[in-house]
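Here are the chains, one letter per residue:
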Amino acid sequence: MAIIGTTIFSHILPVVLGFLAIVMIISGSLEENKGKLVLGIVLFIMACAFPYVVLSVLV
C-alpha cells in the first residue's frame, strides 16, 4: 500500500498542482488579477515542495 501512496504523492499530485498553478498564473497575469496570480505562485511552490515534505514523512 505504501508504494501506491508514494506514487500518488511523488508523480500524480505535483503534476496536477503544477498544471493548475500554471493556468492560474497565466489567467491572473492576463486578467491583471493579483489574487489569481498569487494563488498560482503559491500552488506552484506547493507542487515543488509537496513531494519532499510528504515523502520524507512516509518513507
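Bear in mind the structure is a predicted one, so any value in this text is a computation, not a measurement.

**A word on the overall build of the protein**
Here comes step 1: If you tally the helices and strands in the protein, you get 2 helices and 0 strands.
Here comes step 2: Relative to the 2.2 N^0.38 estimate, which gives 10 Å for 59 residues, the radius of gyration of the protein is 13 Å and therefore markedly larger than a compact globule would have.
Here comes step 3: Counting only C-alpha atoms and orienting by the principal axes, one finds that the protein spans roughly 45 × 15 × 10 Å.
Here comes step 4: Residue burial in the protein is summarised as follows: out of 59 residues, 19% are buried.
Here comes step 5: Within the protein, contacts between residues separated by at least 24 positions form 45% of all contacts whose residues are at least 6 apart in sequence.

**So, a nonpolar patch on the surface**
Here comes step 1: On the surface, Ile4, Ile8, Ile12, Val16, Phe19, Leu20 and Val23 cluster together to form a nonpolar patch covering roughly 610 Å² of accessible area.
Here comes step 2: Topologically, Val23 is positioned in helix H1 (residues 2-30).
Here comes step 3: Under the relative-accessibility criterion, Val23 is labelled partly exposed at 38%.

**Considerations on the pattern of salt bridges**
Here comes step 1: Here the structure, examined in full by the defined rule, presents 1 salt bridge.
Here comes step 2: Between Glu31 and Lys36 there is a salt bridge whose closest N-O contact spans 3.1 Å.

Cut-offs and rules
Residues numbered from 1 in each chain as written. Predicted model: local features only at pLDDT ≥ 70, side-chain atom pairs only at ≥ 80, totals over all residues. Heavy atoms only, no water. Helix = DSSP H or I, 4+ residues; strand = E, 2+ residues; numbered from the N terminus. Rg over C-alpha atoms; globule rule 2.2 N^0.38 Å. Buried < 20%, exposed > 50% of the residue type's maximum accessible area, 1.4 Å probe, protein only. Contact = heavy atoms within 4.5 Å. Patch = residues over 30% accessible without salt bridge, like charges linked within 9 Å, V, L, I, M, F, W, Y side chains within 5 Å. Areas by Shrake-Rupley, 256 points an atom, 1.4 Å probe, with all protein chains shown as cover. Salt bridge = Lys/Arg side-chain N within 4 Å of Asp/Glu carboxyl O.

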